Structure formats: structure tokens, C-alpha cells
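Examination of the molecular architecture
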Amino acid sequence: MQSENSSFNLIQKKQAAWNGISLTHYRVGPGQIPEHLNQEHLIALSLSERCQSEIRLASGFRARDQQKGSVCIIPSGHPFAVNFEAESEHLAIFLDPSLVTRAAAETNVSSRTEVIESCNPNDPVIQSVGLALLAELETQNAGSRLYADSLANLLALHLVRHYTGTENSRPRFVGGLSGKKLKRVLAFIEENYAGDPSLGDLATVAGMSTFHFARQFKRATGTTPHQYLLRARIDRAKELLMRSEMPLVDVGFQAGFSHQSHFSRLFRKLTGTTPQSYRLRFQT
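What comes next is a walk through the structure. (Residues numbered from 1 in each chain as written. Predicted model: local features only at pLDDT ≥ 70, side-chain atom pairs only at ≥ 80, totals over all residues. Heavy atoms only, no water.)

For the rest of this paragraph, the subject is the sheet that holds strand β6 (residues 62–67). Strand order in this open sheet of four strands is β3-β8-β5-β6, and the pairing throughout is antiparallel. Each edge of the sheet is formed by a strand with only one pairing partner; in this case those strands are β3 (31–36) and β6. Taking each pair of neighbouring strands and ignoring which way they run, the sheet shows an average axis angle of 15°. Judged from the four bridges that link them, β3 and strand β8 (residues 80–84) form a sheet pairing that is antiparallel. (Pairing = 2+ DSSP bridges. Helix = DSSP H or I, 4+ residues; strand = E, 2+ residues; numbered from the N terminus. Axes fitted to C-alpha atoms, helices over the stretch in contact; angles between N-to-C directions.)

Below is the structure:
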């Protein structure tokens with residue numbers, strides 16, 4: 001979000017990027033961002049209790065003094081400028097416009113799909129997506145591609161439903177995830193749980209669009225693709241803990257976790273015990 005001629009005081013900045021979606025977490029002091037534009041749709045989430053600032057778009061749209069949790073949507077290619085009057089903290093989510101276009105097409109929304117500028121004091125969906133991505137950024141989880149894909153998918157659908165020029169209509173999905181398709185997908189996950197499969201990989205196996213697939217997978221299994229993948233990894237870790245003396249760090253790695261801390265934390269969350277305690281149950 002910072003241009004070469006920006007005059008605001010950048011105090012802290014962290015970034016992460018995945019397929020079609022990227023994130024910048026920053027804290028700034030007073031100053032200005034001169035008028036510029038982004039090639040992606042910008043979703044800005046305020047993290048400060050009170051953000052004394054003004055956003056100005058070339059279209060004439062203006063918004064001032066956002067509260068914590070406020071969301072501003074700035075469409076791709078729309079010039080804008082920001083004036084920060086005091087120190088504040090923000091999360092900027094950059095979404096590839098092609099994701100929104102595809103979400104509209106694949107949910108049979110046939111009218112205009114132009115994202116419109118908007119500021120909303122409370123959008124629980126965008127807040128949840130933003131904070132989930134921020135958690136991934138903070139933990140530096142390398143195996144998060146499927147999770148980020150799912151969040152990007154959710155965000156694109158949300159923009160289509162609530163922040164575009166389309167008429168309010170419920171998206172219509174055609175077809176479903178048959179037993180054979182689901183079986184192929186589950187087999188693919190079992191064979192590739194240790195890697196970093198994307199949502200697109202799973203949708204391709206099912207022969208479906210990514211947006212349609214994510215919805216139908218949850219309907220069929222009761223869980224998201226990412227949650228199913230994590231449980232498959234934990235099941236593999238359980239097997240290794242029961243049947244081998246492999247060091248815990250290697251167990252986590254073999255099960256598809258790139259960080260020992262992430263493995264231990266998730267194992268405890270899903271099983272109620274630590275990997276070491278679980279292993280001790282099966283020692284004679």
C-alpha cells in the first residue's frame with residue numbers, strides 16, 4: 001500500500017503472499033499516501049480502537065475516522081489517497097480481481113460484477129478472514145496454501161454477494177460432489193497429505209470449479225478441505241507415534257508439518273493431549 005512518494009511514517013510492516021491473495025500488516029504514524037492505485041482489489045481492515053484518517057477516491061468517495069474492525073473496499077484500478085492524522089494499525093488484504101470474476105461466473109451471477117468502493121463499520125466475514133490470514137502471517141506456517149486458497153475463495157464470494165454492482169440474488173450452484181468424485185478427492189488427500197496441495201488441485205481431481213468444490217466438499221463431509229487435510233496429517237502422526245520410535249520433530253515432518261510448534265499445538269487441539277503423551281500410552 002506504500003508508494004514510492006509516500007510521506008507517512010511507516011513504523012512496522014509485515015507481509016505474506018499466497019496464490020491470488022496477499023497480506024500486509026502495518027503500523028503507521030501521521031502522514032499522507034499520495035493518490036495511487038493498485039492492480040488488486042484492496043480490503044483494508046482497521047485494527048486500532050480509533051483510526052483518525054481520511055480515505056479519498058478519485059470518484060469522490062470519502063470516508064473518515066474508522067473504528068476497530070471497520071472495513072474499507074477499494075476496487076482494483078481506482079485511484080485513492082489516504083491521510084493519517086495519528087498513529088494507527090491496519091491490515092491490507094490484496095485480492096486478485098480474477099478470483100472475484102471467476103466467483104461470479106461460477107456461481108451463475110450473470111449481471112455486472114464490478115466491485116464498488118465501500119466502508120463498513122462491521123463485517124464479521126472479512127474480519128474473520130483477515131484475522132485468520134494474520135495468524136498465518138504471524139506463525140509463518142509454510143504449509144498453509146490450501147488454507148489461504150480457501151480464505152481467498154470465501155472472500156471472493158463474499159465480495160460478489162455484498163460489494164459488487166450485481167443485484168442481490170442467492171448464487172445458484174449446479175451439480176454436486178458425487179460419491180465417486182468424493183472418493184477420488186479423499187484418496188488424493190491421503191496420498192498427498194505430506195505435501196501442500198492447493199484448493200485448485202483438489203477441485204481438478206473432482207472435475208469441478210474451485211468455488212463450487214469448496215462448498216460441496218463441506219456439504220459432503222461436514223468439514224472444509226483444509227480441516228480435512230489437517231486431520232489426515234494428525235491421523236498419520238498418530239500412526240507413527242504408535243508404531244515407531246521416530247523423534248517427534250521427524251514425526252511432524254513426515255506427517256506434513258513444517259514446524260514442530262505448529263504440529264504440537266494442532267495435535268493437542270485435535271486430540272486433547274501432546275504427541276509425547278500420546279506415544280507413552282502405547283509403550284509397554
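Following the structure, the description resumes.
On to helix α5 (residues 199–206). Taken residue by residue, α5 has Leu199, Leu202, Ala203 and Ala206 as its buried positions. Viewed along the axis of α5, the buried residues span an arc of 100°, placing them on a single side of the element. On its buried face, α5 sits against α3 (145–162), α4 (179–192), α6 (210–221) and α7 (225–243). One or two positions beyond α5, positive phi appears at Gly207, with a value near 70°. (Buried < 20%, exposed > 50% of the residue type's maximum accessible area, 1.4 Å probe, protein only. Arc of directions from axis to C-beta. Contact = heavy atoms within 4.5 Å.)

This brings us to the sheet that holds strand β9 (residues 88–95). The sheet built from six strands is open, its strands ordered β1-β2-β9-β4-β7-β10 with antiparallel pairing. Of all the strands in the sheet, the pair left with one neighbour each is β1 (10–18) and β10 (118–120). Across the sheet, the axes of successive neighbouring strands diverge by a mean angle of 15°, strand direction being ignored. Contacts from helix α2 (residues 124–139) reach β1, β2 (21–28), β4 (41–46), β7 (71–74) and β9 within the one sheet, and its direction differs from that of β2 by about 85°. Contacts from α3 reach β1, β2, β4, β7 and β9, with the element oriented near 90° to β9.

Take the state of the cysteines next. The tally for this structure, following the rule as stated, stands at one disulfide. Disulfide pairing is shown between Cys72 and Cys119; the S-S distance is 2.1 Å. Classification of the bridge connecting Cys72 and Cys119 rests on its S-S torsion, roughly 105°, and on that basis the disulfide is right-handed. Residue Cys72 is located in strand β7, and its partner Cys119 is located in strand β10; the two are separated by 47 residues in the primary sequence. (Disulfide = S-S within 2.5 Å.)

Another aspect to go through is the environment of Thr224. By the element assignment, Thr224 lies in the loop between α6 and α7. Under the relative-accessibility criterion, Thr224 is labelled partly exposed at 23%. Contacts of Thr224, omitting those with residues within four sequence positions, involve Phe217 and Lys218. From its side chain, Thr224 meets the backbone nitrogen of Gln227 in a polar contact 3.1 Å long. (Polar contact = N/O pair within 3.5 Å; in protein donor to acceptor, adjacent residues only side chain to side chain.)

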